[in-house]
Amino acid sequence: MKFSLNRESLLKPLLLVSGAVERKSTLPILGNILFDVKGQSLTLTATDLELEMVAHAEIDNQGDDGKVTIPARKLLDICKSLPEGSMLNFNAEDDSVKLSSGRSKYSLSTLSADDFPNIEEWKGDVEFKLLKSELLRLIESTHFSMANQDVRYYLNGMSIESEGNEIRSVATDGHRLAICKISNETLALPARQVIVPRKGILEIIRLLAPVDEEVQVYLGSNHIRIIDTEFSFTSKLVDGRFPDYRRVLPRNGDKIFVTDKEQLRQVLSRASILSNEKFKGVRLNFSNSLLKITANNPEQEQAEEELEIDFPYDELEIGFNVSYVLDVLSAIKDDQVKFTLADANSSVVIEGADTGEALYVVMPMRL
């Protein structure tokens, strides 16, 4: 098995699939990438048994078709360090692969391609096409609300839902909730809900660029697959029931407050510097024309910020984890942000004042 290709032609697919390579695996083969040569085409596959990434490259095949697995990290480091425009020559024999480029020569040990795990072939029962920019917006608008290593394992991921002409993403860690929806009149989808694990979601964010190119999305009973012209990404799904988030959406909010997002983000960021590092609590005092934000910490230090607002209601004091509110303000794209409040013990609903595409719920804190 002998083939050659340009460094740039290999580096791009190598970088794409390397995200699925298992870092600390008990199975050595999961640290390798499967190279599959068929004619003038090379297919690269990497997996950690949860995710699978496939990418392709054109090659100059000078021998028989075949398969071999090559250590991912070492090969990637070699390719990155070779000069631009280098020609790479691969020659696989027995249990090693010889890589030469100009005067550089490397010999890497390989493992049998027969032992490389293959995520079984499956058909998605829900299929749709979305622009990469839309899919990325759907995920980036909500991913920060996913739980991280929660015992309620179904929260350590994101719910992706289809229904009619709508696709929704929902994430919650029990203290906050994020929902984003995209409508597309050309879609007519069955009602379906899947939970994509945290690692899969972060990998999708890494893979997608905010461009107006379509990707194909397949939802199956155990997997989600995204197919692009450059790659194919597959992730196992989390087996579990996502909580019925509609039941926790606050309905009693009767106080609406709209303000400039960037101004609010700045005063909250400054106040958060002196909040308790563990709990990140800040206190918001609303009066008719002024929002007073205070934070303090166990060292008896205190921050106080003021913002002019229009709040034609009774005075209200409410405490929040400032990190949660700042995450939401970073995710909202509108210039103005809208808060819907009820009382000191009720969750607040935050959304962009114009689009209403995404909606966020943050629980209050007792301070």
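Here we summarise the structure given alongside this text.

Describing empty space enclosed by the protein
Over the atoms, a rolling probe the size of a water molecule traces out where space has been left empty. Enumeration over the complete set of coordinates arrives at 1 cavity of 30 Å³ or more. Put simply, the largest cavity is a space of about 70 Å³. Residue lining of the largest cavity: 13 residues in total, with L135, I139, I160, V217 and I224 positioned closest to the centre. Among the secondary structure elements, those contributing two or more residues to the lining of the largest cavity are β10 (126–131), α3 (132–140), α4 (198–207) and β16 (223–227). Among the elements that line the lining of the largest cavity, the one with the most residues is α3, at 3 residues. For the lining of the largest cavity, the class distribution of residues is 13 nonpolar, no polar and no charged.

Structural notes on the pattern of salt bridges
Summed over the entire model, instances satisfying the criterion amount to 21 salt bridges. In this structure, E230 and K12 form a salt bridge, with 2.7 Å as the shortest nitrogen-oxygen distance. With E230 in the loop between β16 and β17 (231–236) and K12 in helix α1 (residues 7–18), this pair connects stretches of sequence that are 218 residues apart. Take E230: its relative accessible area is 34%, and that puts it in the partly exposed class. For R168, the salt bridge identified is with E161, shortest N-O distance 3.0 Å. Neither R168 nor E161 differs from the other in exposure class; each is buried.

A look at the sheet that holds strand β19 (residues 281–286)
Within the open sheet, the 4 strands sit side by side as β21-β20-β19-β22. Their pairing is antiparallel. Two strands in the sheet have a free side with no partner beyond their single neighbour: β21 (302–308) and β22 (316–321). Each adjacent strand pair in this sheet contributes to an overall mean axis angle of 20 degrees, direction not counted. Of the strand pairs in this sheet, β19 and β22 are connected by 6 bridges, and their pairing is antiparallel. Considered in β22, the bridge of F286 is made with L316.

Structural notes on the pairing of strand β7 (residues 87–93)
Where burial is concerned, the two faces of β7 differ: the one with L88, F90 and A92 is buried and the one with M87, N89, N91 and E93 is not. Relative to β7, strand β1 (residues 2–6) runs antiparallel, the two sharing 5 bridges. Across the sheet, residue L5 finds its bridge partner in β7, namely L88. Alignment of β7 against strand β8 (residues 96–101), held across 5 bridges, turns out to be antiparallel. Bridge pairing in β8 places N89 opposite S100.

Some points on a positive patch on the surface
A contiguous patch of positive charge on the surface is contributed by R23, K24, R73 and K80. Tracing the backbone through its elements, the reader meets R73 in helix α2 (residues 72–81).

A closer look at the sheet that holds strand β12 (residues 166–172)
An order of β14-β11-β12-β13-β25-β24-β23-β18 is seen for the 8 strands of this open sheet, with the pairing classed as antiparallel. The open sheet has two edge strands, β14 (189–197) and β18 (255–260), and neither has a second partner. If you compare each strand with its neighbour and ignore which way they point, the axes differ by 15 degrees on average. Sheet analysis places strand β23 (residues 336–341) next to strand β24 (residues 348–352), joined by 4 bridges and oriented antiparallel. Each bridged residue has a counterpart across the sheet, and for T340 the counterpart in β24 is V349. Packed onto the sheet, helix α6 (residues 322–331) meets β13 (176–183), β23, β24 and β25 (358–362) and runs at close to 175 degrees relative to β25.

Regarding the pairing of β25
Taking burial as the measure, the 5 residues of β25 include 4 buried ones, the bulk of the element. As judged from the 5 bridges shared by β13 and β25, these two strands associate in the antiparallel manner. Counterpart to A178 in the pairing with β25 is Y360. In textbook terms, the turn of a hairpin is the stretch between consecutive antiparallel strands, and for β24 and β25 this stretch comprises 5 residues, one of which, G356, has a positive phi near 65 degrees.

Side note on the environment of I33
For I33, the location among the structural elements is in strand β2 (residues 32–38). Look at I33 and you get buried, because its relative accessible area is 1%.

Focus: α2
Because the α-helix completes a turn every 3.6 residues, residues three or four places apart line up on one side. Within α2, the full set of buried residues consists of A72, L75, L76, I78 and C79. Buried residues along α2 cover an arc of 160 degrees about the axis, so they all sit on one side. Of the exposed residues in α2, the ones pointing more than 90 degrees away from its buried face are K74 and S81. Next to the buried residues of α2 lie α1, β2, β6 (66–71), β7, β8 and β9 (104–109).

Considerations on the packing of helix α5 (residues 261–272) against α6
For the pair α5 and α6, interaxial distance at closest approach is 10 Å and the crossing angle is 150 degrees. Classed by the angle they form, the pair α5 and α6 counts as roughly antiparallel. Here the hand of the crossing between α5 and α6 comes out left-handed. Packed against α5, whose contacting residues are K261, L264, R265, L268, S269 and S272, the element α6 presents V322, V325, L326 and L329 at the interface. Here the contact of α5 with α6 is built from residues that sort into 6 nonpolar, 2 polar and 2 charged.

Reading the values: the criteria
Residues numbered from 1 in each chain as written. Predicted model: local features only at pLDDT ≥ 70, side-chain atom pairs only at ≥ 80, totals over all residues. Heavy atoms only, no water. 1 Å grid on protein atoms, 1.4 Å probe; cavity = no way out; pocket = protein on both sides within 12 Å on 5 of 7 lines; lining within 4 Å. Points joined across faces, edges and corners; volume = space filled by probe spheres on them. Helix = DSSP H or I, 4+ residues; strand = E, 2+ residues; numbered from the N terminus. Nonpolar A, V, L, I, M, F, W, Y, C, P; charged D, E, K, R; others polar. Salt bridge = Lys/Arg side-chain N within 4 Å of Asp/Glu carboxyl O. Buried < 20%, exposed > 50% of the residue type's maximum accessible area, 1.4 Å probe, protein only. Pairing = 2+ DSSP bridges. Axes fitted to C-alpha atoms, helices over the stretch in contact; angles between N-to-C directions. Patch = residues over 30% accessible without salt bridge, like charges linked within 9 Å, V, L, I, M, F, W, Y side chains within 5 Å. Areas by Shrake-Rupley, 256 points an atom, 1.4 Å probe, with all protein chains shown as cover. Lys, Arg positive; Asp, Glu negative; His and termini not counted. Charge placed at Lys NZ, Arg CZ, Asp CG, Glu CD. Contact = heavy atoms within 4.5 Å. Arc of directions from axis to C-beta. Parallel < 35°, antiparallel > 145°, perpendicular 65-115°, else oblique. Left-handed = near helix turned anticlockwise from the far one by under 90°.

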